[in-house]
Each structure stands twice: as structure tokens, then as C-alpha cells.
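Here is what each chain is made of, one letter per residue.
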Amino acid sequence: MLADDLKDYAKSIPADLKEKKGVYTLEFTVAERKVFLSKKKLTYSAKFRIDDAKKEVRFTEMLKEASSGMSSGDSDFGPGFGFKKETYKTGTGPREGVIEQQSELFGKQYTYTFDFKTVRTAIEAAATAAGYALKYQMTPVGL
């Protein structure tokens, strides 16, 4: 069964794979930076839905960075230290290349190498082997 194959793949990465109302979410931390009292985490997230009637897997992915901790006075409240937590993400679309290229979107220097195409290719291969087609979607809405 395709869902079981994808669960096995998620364990091999290792990644968290969760299912809610037919939408599977695969997430794992690509890189993490800790500086003084702050922490930044770069996370890869892929979402997909298996449509048995159409024999297709609708797929989308994104790279997001979350940070929390003490800021160094670069907030709108003036100089000094403050507490700041924010989450933001890049636009959607197929990602190619290694993490160094993608992290430039955030202006960070991560030392990890991760090929985004590897996950998409593995999911597509499992879908094809099970007789399904992979349909890439730009937005996760209505997967």
C-alpha cells in the first residue's frame, strides 16, 4: 500500500509523518543555529494527499525558518534587548539544489547540505511504483 511505503520512507530519513483528514505532513529540521539566548531552526515540510479515485498524489513542499529568544535591539521598540518570536516561510514551488542555495533566501549561512529534490523524487518513485501519478501543487490549500 502506498501510504505504508511513504511511512517507511519517512522513518528512513528520519522525519515526522503525520496524517490528518487525509493530508499527510512530512517534516524535519534541516539546520539549527543557537546563538547566546536565541535559537533559529530551518525546517523542510512536504504535504501530500493520496487520491485513490484519480490515482494521483497531490504534493507541495516548503522551507520555513522559525526563531525565538532574546533579540539584540533590532526591534521596532528601540535599542536594548527584547524577546522576539517569529515564523516565516519562503514561497512555494519545486525546490532544486542544496540547502546553501536555498538558505540565501533567508540571508543565513547554514553549513548543512540537503537536496530537496531527494524527498520529492522518493515520493514520486513510490507513487509511480503503486500506479499513481505525482501532481505538484503550488499551494497546499485543498490538497
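Note that this is a predicted model, so its numbers are computed, not measured. (Residues numbered from 1 in each chain as written. Predicted model: local features only at pLDDT ≥ 70, side-chain atom pairs only at ≥ 80, totals over all residues. Heavy atoms only, no water.)

1. Focus: the pattern of salt bridges
Consideration 1: Taken as a whole and assessed by the stated rule, the structure comprises 5 salt bridges.
Consideration 2: A salt bridge links E27 to K64, with the nearest nitrogen and oxygen atoms 3.1 Å apart. Taken together, the residues span a long stretch of sequence, with E27 in strand β2 (residues 23–35) and K64 in strand β4 (residues 56–71) at a distance of 37 residues.
Consideration 3: Since its relative accessible area comes to 27%, E27 is described here as partly exposed. (Salt bridge = Lys/Arg side-chain N within 4 Å of Asp/Glu carboxyl O. Helix = DSSP H or I, 4+ residues; strand = E, 2+ residues; numbered from the N terminus. Buried < 20%, exposed > 50% of the residue type's maximum accessible area, 1.4 Å probe, protein only.)

2. Focus on the confidence of the model for the protein
Consideration 1: Per-residue confidence for the protein gives a mean pLDDT of 75; residues scoring 70 or more make up 66%.
Consideration 2: Every residue in residues 73–80 scores below 50 in pLDDT, and together they form 7 contacts with partners more than four places removed in sequence or on other chains. (pLDDT = per-residue confidence, 0-100. Contact = heavy atoms within 4.5 Å.)

3. Considering helix α1 (residues 2–12)
Consideration 1: Listed in full, the buried residues belonging to α1 are L2, A3, L6, Y9 and A10. An end-on view of α1 places all buried positions within 120° of arc, on one side of the element. Set apart from the buried face of α1 by more than 90 degrees, the exposed residues are K11 and S12. (Arc of directions from axis to C-beta.)

4. Considerations on the pairing of strand β3 (residues 38–51)
Consideration 1: Sheet topology places β2 next to β3; 12 bridges connect them, and they run antiparallel. Residue pairing for β3: E27 is matched across the bridge by S45.
Consideration 2: Hairpin remark: β2 followed by β3, antiparallel, with 2 residues in the connecting loop; positive phi at F36, about 50°. (Pairing = 2+ DSSP bridges.)

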